[in-house]
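So you can see what is in the structure, the chains are spelled out below.
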Amino acid sequence: EEASFEISEPFNFKHLSHVEVDPTSVTGFRGIPAEWEILLKASGISREQTLANPQTVLDVLAFAAAGMRRPVIRTNAKLG
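All residue numbers refer to positions counted from 1 along the written sequence of the respective chain. Selection of residues for local features in this predicted model requires a pLDDT of at least 70, selection of side-chain atom pairs for listing and counting requires 80 or more, and totals for whole chains, interfaces and linings are taken over all residues. Hydrogens and water molecules were not included; the side-chain quantities draw on all heavy atoms of the structure.

K.L.:
What's the story with the pattern of salt bridges in this structure? I'm lost.
P.N.:
Close approach of charged atoms allows side chains of opposite charge to pair. We define a salt bridge as a contact between a side-chain nitrogen of Lys or Arg and a carboxyl oxygen of Asp or Glu at a distance within 4 Å. If you walk through the whole model with that rule in mind, you get four salt bridges. The salt bridge partner of Arg30 is Glu20, with a shortest N-O separation of 2.7 Å. Note that Arg30 is positioned in strand E2 (residues 29-30) and Glu20 in strand E1 (residues 20-21), a separation of 10 residues in sequence. For Asp22, the salt bridge is made with Arg30, and the minimal N-O distance between the two is 3.6 Å. Through salt bridges with shared partners, a single network forms among Glu20, Asp22 and Arg30. Numbering goes from the N terminus for both helices and strands, where a helix is a DSSP run of H or I of at least four residues and a strand is a run of E of at least two.

See the structure below:
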């Protein structure tokens, strides 16, 4: 028997910032979160690469930032 999967709509979505491509910026972006700016500057991705592939760079930054968060570990064990 094949398993069926459903993909739900996003929930608890929050739009936290508005990012724009900015050729005059050191990073190539204006409005990126500070955490992402630090990641971008440390990544070695050049402004020229950012300007040529802005969405790809944003996707990489989002992925890297999500991976840096500590996972939430849930357990049913009772303490004490």
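K.L.:
Explanation requested: the nonpolar core in the structure shown.
P.N.:
What tends to happen in soluble globular proteins is that the nonpolar side chains get buried as a cluster. Take the buried residues of types Ala, Val, Leu, Ile, Met, Phe, Trp, Tyr and Cys, join any two whose side-chain atoms come within 4.5 Å, and each joined set is a nonpolar core. Accessibility here uses a 1.4 Å probe with only protein chains present; expressed as a share of the type maximum, an area under 20% marks a residue as buried, one over 50% as exposed, and anything in between as partly exposed. With nine residues, the main nonpolar core is built from Phe29, Ile32, Trp36, Leu39, Leu40, Val57, Leu58, Leu61 and Ala65. Those elements that provide at least two residues to this core are helix H1 (34-43) and helix H3 (54-68). For this core, the leading source of residues is H3, giving four residues.

K.L.:
For this particular structure, what's the right way to read H1?
P.N.:
Along an α-helix, residues three or four positions apart point the same way, because every turn accommodates 3.6 residues. For H1, the full list of buried residues reads Trp36, Leu39 and Leu40. Seen end-on, H1 carries its buried residues on one side only, within an arc spanning 100 degrees. Counted as exposed and oriented over 90 degrees from the buried face of H1: Ala34, Ile38, Lys41 and Ala42. A positive backbone phi angle near 85 degrees is found at Gly44, which sits one or two residues after H1. Each direction from the helix axis to a C-beta atom contributes to the arc, which is the arc of those directions.

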